[in-house]
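A structural walkthrough
Spelled out, the chains give:
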Amino acid sequence: MAAAAIARTMGRTVSVTLVESDAIGTIGVGESTIPPLVTYNRLLGINEAEFMRATQATFKLGILFDNWKEPGHRYFHSFGFTGKDHWSAGFQHFWLEARSKGHTHSYDDYCLELVAAMESKFAQLPDDRVNYAYQLDSGLYARFLRQMAEGDGVTRIEGKIARVELDGESGDIAALTLDNGTRVAGDLFLDCTGFRALLLEGALHAGYDDWTHWLPCDSAIALQTPNVRPPVPYTRAMAHDAGWQWRIPLQHRTGNGIVYCSRYLDHDAALERLLDNLEGEPLTPPNKLRFVTGARRKQWHRNCVAIGLASGFMEPLESTSIHLIQRAVLRLIRMMPAQGRVSERDIAEFNDQQFQDMEQIRDFLILHYKATDRRDSAFWRHCASMEVPDSLTQKIELFRETGRVFRRNDELFAENSWVQVMMGQGIAPKAWHPIAGKMTDDELDRTLARIREDVRRTVDGLPAHADYVARYCGAAEPAAA
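The following paragraphs examine the structure supplied in this document. Nothing here was measured: the structure is a model prediction, and the numbers come from that model.

This part covers a negative patch on the surface. Together, Asp 266, Asp 268, Glu 272 and Asp 276 line one region of the surface with negative charge. Inspection of the secondary structure assignment puts Asp 268 in helix H7 (residues 267–276). Judged by its relative accessible area of 57%, Asp 268 is exposed.

What follows covers the sheet that holds strand E13 (residues 235–240). Taken in spatial order, the 7 strands of this open sheet run E4-E3-E13-E14-E15-E12-E16, and their pairing is mixed. Lying at the two open borders of the sheet, with one neighbouring strand each, are strand E4 (74–78) and strand E16 (287–290). Sheet twist, expressed as the mean angle between neighbouring strand axes with direction ignored, is 20 degrees. Pairing geometry for E13 and strand E14 (residues 243–249), over 5 bridges, is antiparallel. Within E14, the position partnered with Met 238 by the bridge is Gln 245.

Glancing now at the nonpolar core. The biggest cluster of nonpolar side chains holds 76 residues, and the ones touching the most others in it are Trp 68, Leu 367 and Tyr 369. The biggest single contributor to this core is helix H9 (residues 344–370), with 8 residues. Leaving out residues up to four positions away in the same chain, Leu 367 has contacts with Leu 392, Ile 396, Trp 418, Val 421, Met 422, Gln 425 and Ile 427. Membership of the second largest hydrophobic core comes to 59 residues, among which are Ala 7, Ala 328, Leu 462 and Cys 473.

Okay, the pattern of salt bridges next. The final tally for this structure, using the stated rule, is 32 salt bridges. Residues Glu 165 and Arg 183 are paired through a salt bridge, measuring 2.9 Å at the closest nitrogen-oxygen approach. Here Glu 165 is found in strand E7 (residues 161–166), whereas its partner Arg 183 is found in strand E9 (residues 183–185), with 18 residues between them in sequence. In this structure, the salt-bridge partner of Arg 327 is Asp 357, at a minimum N-O distance of 3.0 Å. Within this pair, whereas Arg 327 is found in helix H8 (residues 321–334), its partner Asp 357 is found in helix H9, the two being separated by 30 residues in sequence. With respect to class, Arg 327 is no different from Asp 357; both count as buried.

Here we come to the packing of H8 against H9. At a minimum axis distance of 11 Å, the contact between H8 and H9 shows a crossing angle of 160 degrees. In terms of orientation, H8 lies roughly antiparallel with respect to H9. Here H8 runs over H9; the crossing is right-handed. Every residue of H9 that contacts H8 at Leu 324, Arg 327, Ala 328, Arg 331 and Leu 332 is listed here: Phe 350, Gln 353, Gln 354, Asp 357, Met 358 and Ile 361. Of the residues that constitute the contact of H8 with H9, the class distribution is 6 nonpolar, 2 polar and 3 charged.

Here we come to the pairing of strand E8 (residues 173–178). For E8, the buried fraction is high: 6 of the 6 residues fall into the buried class. Between E7 and the antiparallel strand that follows it, E8, lie 6 residues; Gly 171 among them carries a positive phi value of about 85 degrees. Two elements, E8 and E9, share 3 bridges in a ladder whose sense is antiparallel. Across the sheet, Thr 177 pairs through a bridge with Arg 183, a residue of E9. The loop that links E8 with its antiparallel partner E9 comprises 4 residues; one of these, Gly 181, has a positive phi angle of about 95 degrees.

Let us look at the environment of Trp 211. Relative to the helices and strands, Trp 211 resides in the loop between strand E11 (208–210) and strand E12 (219–225). Taking relative accessible area as the criterion, Trp 211 reaches 4% and is therefore assigned buried. Apart from residues lying up to four places away in sequence, Trp 211 is in contact with Thr 293, Gly 294, Ala 295, Met 314, Phe 355, Met 358, Glu 359 and Arg 362.

Definitions and limits used
- Residues numbered from 1 in each chain as written.
- Predicted model: local features only at pLDDT ≥ 70, side-chain atom pairs only at ≥ 80, totals over all residues.
- Heavy atoms only, no water.
- Patch = residues over 30% accessible without salt bridge, like charges linked within 9 Å, V, L, I, M, F, W, Y side chains within 5 Å.
- Areas by Shrake-Rupley, 256 points an atom, 1.4 Å probe, with all protein chains shown as cover.
- Salt bridge = Lys/Arg side-chain N within 4 Å of Asp/Glu carboxyl O.
- Lys, Arg positive; Asp, Glu negative; His and termini not counted.
- Charge placed at Lys NZ, Arg CZ, Asp CG, Glu CD.
- Helix = DSSP H or I, 4+ residues; strand = E, 2+ residues; numbered from the N terminus.
- Buried < 20%, exposed > 50% of the residue type's maximum accessible area, 1.4 Å probe, protein only.
- Pairing = 2+ DSSP bridges.
- Axes fitted to C-alpha atoms, helices over the stretch in contact; angles between N-to-C directions.
- Core = buried A, V, L, I, M, F, W, Y, C linked by side-chain atoms within 4.5 Å.
- Contact = heavy atoms within 4.5 Å.
- Parallel < 35°, antiparallel > 145°, perpendicular 65-115°, else oblique.
- Left-handed = near helix turned anticlockwise from the far one by under 90°.
- Nonpolar A, V, L, I, M, F, W, Y, C, P; charged D, E, K, R; others polar.

Any functional reading would require information that these geometric values do not contain.
What follows is the structure, given as C-alpha cells:
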C-alpha cells in the first residue's frame, strides 16, 4: 500500500525501493475493510471492478454483531446514515421522541445500508448514496498493489532483513543489509515488518504502549473455508465466552477466525471451538497469531516511519488495520520530507495525529467489551467491571444522559457509528434534545414514515448482492490464496 501510493502520487520526485520476501508472505487476517479504502483506491486511480476481480472481493455494508450485549442478541453496525439529522441534533433524538409517544418501528428501519445488508441486497447508486467497503483477499490485494507499484517505477528487491545499519553520528538508519548480502541505503525508511518492528523498535527502540488491560484478547486463529451459500454484504462478529469469532465471505471462499484471551481460553480449546462453528471444511491449515494490542509511542522516529502492524495493533473487531495503514501512508505523503531533510516538526505532528487516531479507535473497540449485560463467564465479568479511559467514559455517559454524540478532530467513527453500537450494546439515553418536540405528533409520524418508505422503496429496487458482484466484478477463475 505504501509503495503503490507514494510512487503513484510522487512520481519521479522520489525513488522507492520495496524490500519484501515471498517466503514471509502476508498475515492473511485483514480481509474486511471500512469505507475510506474506497476513497484510497480512487485517489490512486484504481479501477474498482478490476481491483475487486483481482482480489476476489465482495461488497461490505457493515458488521453484524451476535451475542455481544447478551447471548442470543444481535445488532448491526452499518456504514450508512440513519434517518435525517437536523443541524442541532442527530436523528436518534427524533426517534427517541417518537418512541416515547408509542412509536414502535426499530431504529434500524431508517438506515438504507442496514436494511439492504439484512436482505443481502446491493447496488451502487447515484451520488454515492450507498456507503460501502470491501471484503477482500489481503494476499491478492498485496500482489495487485505490487504490480501497480512496479509499473510506476518502484524497484522491488526480494530478501529478508538481516541487519539494520545505523549512522554513527546521527543515530539515523543508514542502510539495511539483507540475508543475501545486499545493502540497501536510503534517506527515509518505512518499517513494514509487522509485529516485530525490526527497524523502529528493534534498531531505534521507539517504545510501546500496551492496552491489553482494556482490550484483553491476545490471540487469534485464522483459516479459510469454501463458500456454502452466496456471499452476503457484511462481516459477522460472533461473541463467545472468551472473545469472538469472525466470518468474512469473499467471492471464492470465506475467511474465518477466532479471537480470544489466552488467560481464559487455551489454544487447543479455541481451535476446537472455531472448527465446531465453521460452515464448510477447512481449506487451509490453522494460522495462529499472538498479539499485544497497543501503539508505538513514536511511530515516526528519526528517519523511520512505522506502517501497519509495526506501528501498533488494533484487534480486528471493527476492521481498522488496513485503514490505519492507509491513514499513515496518506499522512506521510502530506508530510514528505523536502530535499531529503526530515523536519522534527513533521515528526511531532505525524506522531500526534497517528496516536490520536489509534486512541479514538481504541475507545470505540473498548465500548464493545465494556457496555454489555453478559456476566456468563470470567472473561465477560472482567470486561464489564474494568476501568476504562476517561475519554470513553465521557462519551458513554454523555449519550446515556442526553442522547448526544460528538465527533472530534475528524475521528474515524462518526456519530451514527457510536449511536448504533451504544444502543446495540444496551445503552439507552434517558433524555434527548428538546428540538425533537417541536413537531406535532402528526408531523413527526409523517416525517418518519417518509424516511422509512424511502428506505423500503430503494431496497426493494436493489438486486441480490451476489448477482451484482457476479455482473460487476465476478472473477472468471478462482484465484490462489
